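Structural characterization, general
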Amino acid sequence: MNASRLARDPRVRTLRAALLPVGWLTVFLLVPYVLLLVQSLWRVNEAQVIVREWTLANYVRLFGTPLYPQTLMFSAGIALRVTLLALLLAYPLAYLLAFKVRRYKNLLYMAVIIPLWVSYLVRAYGWKIILGQGGILNGLLVNLGIVDQPLAFLLYSKWAVIIALTHIYTPFTLMPIYAALESIPRSLKEASHDLYAGRMRTFLYVVLPLSLPGVLAGCTFAFVLSMGDFIAPQLLGGNDSALMVSNVVVSLFGVAYNWPLGAAVSVVMLTLVLLLLSLANRLERRFSYQGEEVRAPAPPLPRLAGEGRA
Amino acid sequence: MDDVSLAVAPAEFITILGASGSGKTTTLRLIAGFEQPTTGEVWMEGRPIQHLPPYRRELNTVFQNYALFPHMSVWDNVAYGLKMRRVPKPELVKRVGDALGLVHLDQLARRAPRQLSGGQQQRVALARALVNQPKLLLLDEPLGALDLKLRKEMQLELKQLQSHVGITFLYVTHDQEEALTMSDRIALMRAGRIEQVGTPQEIYDRPASRYVADFIGETNLLSGRLQDLTGQDATVDVEGHLLRAPAPPGLRIGQEVWLSVRPEVLSVLSDGQIPPGHNVIEATADEAIYAGSLIKLRLRLASGTPLVLHAAPTALTVTLGQAVRVGWPRERGVCLVA
């Protein structure tokens, strides 16, 4: 086989086309993860120097100390609340955009997307201005005479973190839900009405199931992103931020200078997120009918005796 | 859309026929309740229903693109209407089975809609509507997406199915041949109005306007002036030929009219022969097109007006370029206003 024929071989062409993306993923995703895993199996000695000896000590310590499982649970709790709030905000808005609004549809959609162009830090700081002791919200409450003293618990608590993260990640939840709703043919809603289902049951049996892939994708975005977020907790979380797992990882890599332990926490987190993603994937399949296994393209025809042996 | 008045009899197969944009789908959507009339009423079995939402109307629709629920099996699609009406389970199972049997899909009940061919999806849509035993079934160009051969098969099947189940079918199509084959009656729509209602034969043989004559089948339209009128018998001057035909009421002598004659009504007359009660016109044979079961002969009047004649291949002996005399029985033509 000469060179030009080799170049025309479809397998060779597929391989060549795949080289760049696969290479990219290997260098910037796979290699760092492997390094992270390797790092998590090393340890630091008394002088805080990383010793390259294989050990499971980090994982033993991780699961042996209540602090780490606690931070994981605490973070998951916050991420869950952010996800629920984002879903509650995003679904009705997406529904409105997809089915009800006609004239200002694009304008409204842009209004949802535009915050994404504003720097993350600006949005997080924005909440500091709103929620702070001398902030806009407290000023309003005091001026209206609802409270005598500015409320201190608004800022520097997990509630501030939840509010800010919800604000930041709601567009990520909205977009896949909107896309799923938008792709539902209008005639399906009409067919459901035609078959005696009112608005509520049409939503329940037709619209909701068909939008579930979008809902799951949106929820996964919100959960995974807010679970891994460490900037909003650092800016707004006060003492509570010490309990967020991402901030623990940051301090382990920074102040504590215990990279192997930090890597171990990261690996556990990564595993949890991957588990979650596969769960979401499985759920999505549960909710749509996959059809029976079809081997032959044609429906089974009546067969004569002795026929049909392959 | 305005001035659409249409009464449908029980167990009738009635077709709304019209070009795209003539308002036939809108009419259907008004009846189904997906759209609201600004004025006017929709009645069913002696009661007005236009204020009812679609899910309270005792009718079902077969949608143009089938609109099957993609996340449900064929069986669940068909069972949907019965479930929504809370039909008890044993009855539901039996009726779904029967409906699937009716359209020969019992074997495919567990498939997802996207695993089916276009024709099979069409049947599911039909079963999903028929299972509810509606009083009226609306069909919006249900065969539009199928290829020609399958469409012909389904036309016959649909017609048989309709007479079997005895449900009123209100069928919308732009295909005049489909309308002629399947319908008990046809309502022809044009620009939001009903142009004519009648049996396929009435519409074909006695079109009420030039538009209807032109839309249904093939026809020769000859422009002329009304010369004389005795009762229902009109004499029309077409380029110097005096031709007679039955006329609609309300014509005035001297009026511009059209004479519509179907190509298969025309025949080439042999020399000297004039059958009694025939119109005769002189023309030149231009071209003969062989079309299997018949020959299409293109002719030209002295003024250049084209004329088409259909004849059995064996019955035709014409030399092209030759002047011939063409005749037809007077009562087979129609005199039409504009």
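Residues numbered from 1 in each chain as written. Chains lettered and ligands numbered in written order. Predicted model: local features only at pLDDT ≥ 70, side-chain atom pairs only at ≥ 80, totals over all residues. Heavy atoms only, no water.

Helix and strand content of chain B: 8 helices and 18 strands. If one aligns the C-alpha atoms of chain B with their principal axes, the spans along those axes are about 80 × 45 × 30 Å. Expressed as a percentage of the 338 residues in chain B, the buried residues total 50%. In chain B, of all internal contacts separated by at least 6 residues, the share reaching a separation of at least 24 is 66%. Accessible surface, chain B as shown: approximately 15,800 Å² in total, 51% of it carbon and sulfur. When the 36 positive and 36 negative side-chain charges of chain B are each reduced to one mean point, those points stand 8 Å apart. (Helix = DSSP H or I, 4+ residues; strand = E, 2+ residues; numbered from the N terminus. Buried < 20%, exposed > 50% of the residue type's maximum accessible area, 1.4 Å probe, protein only. Contact = heavy atoms within 4.5 Å. Areas by Shrake-Rupley, 256 points an atom, 1.4 Å probe, with all protein chains shown as cover. Lys, Arg positive; Asp, Glu negative; His and termini not counted. Charge placed at Lys NZ, Arg CZ, Asp CG, Glu CD.)

So, on to the confidence of the model for chain B. All names here are of chain B. For chain B, mean pLDDT is 89; residues scoring 70 or higher make up 99% of the total. Taking the mean pLDDT of every element in chain B, the minimum, 86, falls on strand E13 (residues 267–269) and the maximum, 95, on helix H2 (residues 74–84). The ipTM for the predicted assembly is 0.83, set against a pTM of 0.80. (pLDDT = per-residue confidence, 0-100.)

Contact residues are listed per partner, giving 30 residues for chain A and 33 residues for chain B. When chain A packs against chain B, close to 2,700 Å² is buried across both sides, 57% of that on carbon and sulfur atoms. Summed over the three residues of chain A that lose the most area to chain B, namely Leu195, Tyr196 and Tyr289 of chain A, the buried surface amounts to 30% of that side. For arginine 29 of chain B, the salt bridge identified is with glutamate 190 of chain A, shortest N-O distance 2.7 Å. The interface formed by chain A and chain B holds 8 residue pairs in polar contact (both at pLDDT 80 or more) in total. For the side of chain A that touches chain B, the secondary structure elements donating two or more residues are helix H9 (186–194) and helix H10 (199–228) of chain A. (Buried area = accessible area lost by both parts, 1.4 Å probe. Salt bridge = Lys/Arg side-chain N within 4 Å of Asp/Glu carboxyl O. Polar contact = N/O pair within 3.5 Å; in protein donor to acceptor, adjacent residues only side chain to side chain.)

Residues and elements named next belong to chain B. Tallied over the entire structure, the rule returns 15 aromatic pairs over all chains. When the centroid spacing of 5.5 Å and the interplanar angle of 40° are considered together, the rings of phenylalanine 13 and phenylalanine 169 count as tilted. Here the residue phenylalanine 13 occupies a position in strand E1 (residues 13–18), and phenylalanine 169 occupies one in strand E6 (residues 168–173), the gap between them amounting to 156 residues. A single burial state applies to phenylalanine 13 and to phenylalanine 169, both of which are buried. Considering the side-chain rings of tyrosine 211 and phenylalanine 215, the 5.7 Å spacing of their centres and the 25° angle between planes classify their relative orientation as stacked. Of this pair, tyrosine 211 and phenylalanine 215 both sit in helix H8 (residues 210–215), 4 residues apart, roughly one helical turn. (Phe/Tyr/Trp six-rings, centres within 6.5 Å; stacked < 30°, edge-to-face > 60°.)

A separate point is the nonpolar core. One broad trend across soluble globular proteins is that nonpolar side chains are buried collectively. The biggest cluster of nonpolar side chains holds 47 residues, and the ones touching the most others in it are Leu181 of chain A together with Phe69, Tyr80, Leu138 and Leu170 of chain B. Ranked by residues supplied to this core, first place goes to helix H4 (residues 67–100) of chain A with 7 residues. Once residues within four sequence positions are removed from consideration, leucine 181 of chain A is found in contact with Tyr91, Ala94, Tyr95, Ala98, Phe99, Arg186, Val207 and Ser211 of chain A. (Core = buried A, V, L, I, M, F, W, Y, C linked by side-chain atoms within 4.5 Å.)

Side-chain direction in a regular strand flips from residue to residue, so the side chains alternate between the two faces of the sheet. Residue and element names in this part refer to chain B. Sheet topology places strand E7 (residues 185–190) next to strand E8 (residues 193–198); 5 bridges connect them, and they run antiparallel. Paired with alanine 187 across the bridge in E8 is valine 197. Joining the antiparallel neighbours E7 and E8 is a turn of 2 residues, in which alanine 191 adopts a positive phi near 50°. (Pairing = 2+ DSSP bridges.)

With that settled, the discussion passes to the sheet that holds strand E14 (residues 278–290) of chain B. All names here are of chain B. With respect to topology, 5 strands assemble into an open sheet ordered E13-E17-E14-E15-E16, the strand pairing being antiparallel. Lying at the two open borders of the sheet, with one neighbouring strand each, are E13 and strand E16 (306–311). On average, each strand axis in the sheet is tilted by 50° relative to the strand beside it, whichever way the strands run. With 6 bridges connecting them, E14 and strand E15 (residues 295–300) associate as antiparallel partners. Bridge pairing in E15 links glutamate 287 to arginine 298. (Axes fitted to C-alpha atoms, helices over the stretch in contact; angles between N-to-C directions.)

All names here are of chain B. Here the structure, examined in full by the defined rule, presents 25 salt bridges over all chains. For glutamate 35, the salt bridge identified is with arginine 29, shortest N-O distance 2.6 Å. Exposure remark for arginine 29: the relative accessible area of 22% places this residue in the partly exposed category.

Residue and element names in this part refer to chain A. Between its first and last C-alpha, helix H6 (residues 120–131) extends 17 Å over 12 residues, near the 16 Å set by a 1.5 Å rise per residue. For H6, the set of buried residues is Tyr120, Arg123, Ala124, Trp127 and Leu131. End-on, the buried residues of H6 take up no more than an arc of 100°, which puts them together on one face. Away from the buried face of H6 by more than 90 degrees, exposed residues Val122 and Ile129 are located. Contacts from the buried residues of H6 go to helix H7 (136–143), helix H8 (158–182) and helix H11 (231–236). The backbone nitrogen of leucine 121 has a side-chain oxygen 3.1 Å away, supplied by the residue at the start of H6, namely serine 119. (Expected span 1.5 Å × (residues − 1). Arc of directions from axis to C-beta.)

All names here are of chain B. Strand order in the open sheet formed by 5 strands is E11-E10-E9-E12-E18, with antiparallel pairing between adjacent strands. Edge positions in the open sheet fall to strand E11 (241–246) and strand E18 (334–336), since each of these has one partner strand only. Averaged over neighbouring strand pairs, the angle between their axes works out to 45° when direction is ignored. The pairing of strand E10 (residues 233–238) with E11 spans 6 bridges and is classified as antiparallel. Bridge assignment links aspartate 233 to a residue of E11, and that residue is proline 246.

Further remarks concern the packing of H4 of chain A against H8 of chain A. Relative placement of two packed helices is described by the angle separating their axes and the distance separating the axes. All names here are of chain A. Interaxial distance between H4 and H8 falls to 6 Å at its minimum, and their mutual angle equals 40°. By the angle between their axes, H4 is oblique relative to H8. At the point where H4 passes H8, the crossing takes the right-handed sense. (Parallel < 35°, antiparallel > 145°, perpendicular 65-115°, else oblique. Left-handed = near helix turned anticlockwise from the far one by under 90°.)

Relative to the assigned elements, aspartate 194 of chain A resides in helix H9. There is a polar contact of 2.6 Å between the side chain of aspartate 194 of chain A and the backbone nitrogen of threonine 61 of chain B.

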